[in-house]
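So you can see what is in the structure, the chains are spelled out below.
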Amino acid sequence: MEQCPVTTDDSTRMSDRVLAFLRDRSTDSVLGPRRFCRAEIVEYVVETAESMGFRVWTENRRVDRPDVIVLEHWSLLDSYEGVISSNPGADVLYGQDLCHQVPAVVRLRR
C-alpha cells in the first residue's frame with residue numbers, strides 16, 4: 001500500500017483520541033490530521049482496537065463474533081449488511097473523507 005504523507009507531529013494526541021473513541025461508544029467519530037489518508041486512519045483504528053483486546057472484523061481479517069466491524073469506506077456498508085446484521089452487538093465503524101482533506105472514522109448509528 002502506498003503511504004500517505006503525515007502532516008502531524010503529535011502522534012500521542014491522536015493515539016489518545018482514538019483510544020477514547022474506541023472506549024466510548026457514545027462518540028460519533030474520530031478525525032485524523034489534515035492530509036492524512038483515510039485508509040491510514042482506518043488501519044490505525046483497527047490496530048488500536050486489536051491492541052485493546054477487541055476482536056476486529058475487516059474485509060481482509062474476518063473473525064467470528066467480532067466486537068468491532070471496521071470498513072474502509074462508508075460505501076461498503078450495504079455490501080456487508082449481512083455481517084453487520086448477524087453481529088448486532090458489534091460496534092460498526094467506517095472510514096469517511098470530510099472536507100478540507102480531513103479523514104474520519106465514523107460510528108454507525110442503527
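Every chain's residues receive numbers from 1 upward, in the order its sequence appears when written. Where local features are concerned, this predicted model is filtered to residues with pLDDT of at least 70; where side-chain atom pairs are given and counted, the filter is 80 or more; whole-chain, interface and lining totals use all residues. As a rule here, side-chain values come from all non-hydrogen atoms in the structure, and water together with hydrogens is ignored.

Let's talk about the side chain of Arg38
The following threshold applies: Note on conventions: DSSP H or I runs of at least 4 residues are helices, E runs of at least 2 residues are strands, and numbering of each starts at the N terminus. The buried label applies to any residue whose accessible area, calculated with a 1.4 Å probe on protein chains only, is under 20% of its type's maximum; exposed applies above 50%, and partly exposed to all values in between. For this analysis, a polar contact is any N or O atom pair within 3.5 Å, provided that within protein one partner can donate a hydrogen and the other can accept it, and provided that sequence-adjacent residues contribute only side-chain to side-chain pairs.
Relative to the helices and strands, Arg38 is located in helix H2 (residues 38-51). Owing to a relative accessible area of 19%, Arg38 belongs among the buried residues under this scheme. At 2.9 Å, the side chain of Arg38 and the side chain of Asp97 are in polar contact.

Let's talk about unusual backbone geometry
Even without being glycine, Arg35 reaches a positive phi, approximately 65°. Residue class for Arg35 comes out partly exposed when judged on its relative accessible area of 46%. Despite not being glycine, Arg65 shows a phi value in the positive range, around 50°. Here Arg65 is to be found in the loop between strand E2 (56-57) and strand E3 (68-71).

Here we look at the sheet that holds strand E4 (residues 91-98)
Put simply, the test is: What makes two strands pair is DSSP finding at least two bridges between them.
Taken in spatial order, the five strands make up an open sheet running E1-E5-E4-E3-E2, and their pairing is mixed. In this open sheet, the two edge strands, each paired with only one partner strand, are strand E1 (29-31) and E2. Both E4 and strand E5 (residues 102-107) contribute to a ladder of six bridges, which runs antiparallel. Within E5, the position partnered with Gln96 by the bridge is Ala104.

Some thoughts on the packing of aromatic side chains
Our working definition: Geometry of aromatic contacts follows a simple scheme: Phe, Tyr and Trp rings, the Trp one being its six-membered ring, pair when their centres are within 6.5 Å, and the pair is stacked under 30 degrees between planes, edge-to-face over 60, tilted otherwise.
All chains considered together, the criterion is met by one aromatic pair. Ring centres of Trp57 and Tyr80 lie 5.2 Å apart, and the angle between their planes is 65°; on these two criteria the pair is classed as edge-to-face. One end of the pair, Trp57, is in strand E2; the other, Tyr80, is in the loop between E3 and helix H3 (81-85), with 23 residues separating them in the sequence. Owing to a relative accessible area of 14%, Tyr80 belongs among the buried residues under this scheme.

What to know about H2
Here is the rule we go by: Multiplying one less than the number of residues by 1.5 Å gives the expected span of a helix.
Here H2 contains 14 residues, and its C-alpha end-to-end distance of 20 Å stays within 8% of the 20 Å for a straight helix at 1.5 Å per residue. Taken as a whole, H2 has its buried residues at Arg38, Ala39, Glu40, Ile41, Val42, Val45, Val46, Thr48 and Ala49. The positive-phi residue at the C-terminal boundary of H2 is Gly53, with phi of around 95°.

Some words on the pattern of salt bridges
The cut-off we apply is this: Here, a salt bridge means any Lys or Arg side-chain nitrogen found within 4 Å of an Asp or Glu carboxyl oxygen.
Throughout the structure, instances matching the rule amount to seven salt bridges. Between Arg61 and Glu50 there is a salt bridge, and its shortest N-O distance comes to 3.3 Å. Of this pair, Arg61 sits in the loop between E2 and E3 while Glu50 sits in helix H2, and the two are eleven residues apart along the sequence. Arg61 gets classed as partly exposed once you look at its relative accessible area, which sits at 32%. Looking at Glu50, the relative accessible area reads 33%, which means it is partly exposed. Notably, a salt bridge pairs Arg107 with Asp91, separated by 2.8 Å at the nearest N-O pair. Here Arg107, found in strand E5, pairs with Asp91, found in strand E4; they are 16 residues apart in sequence, far enough to count as distant.

By themselves, these observations are geometric and do not establish any function.
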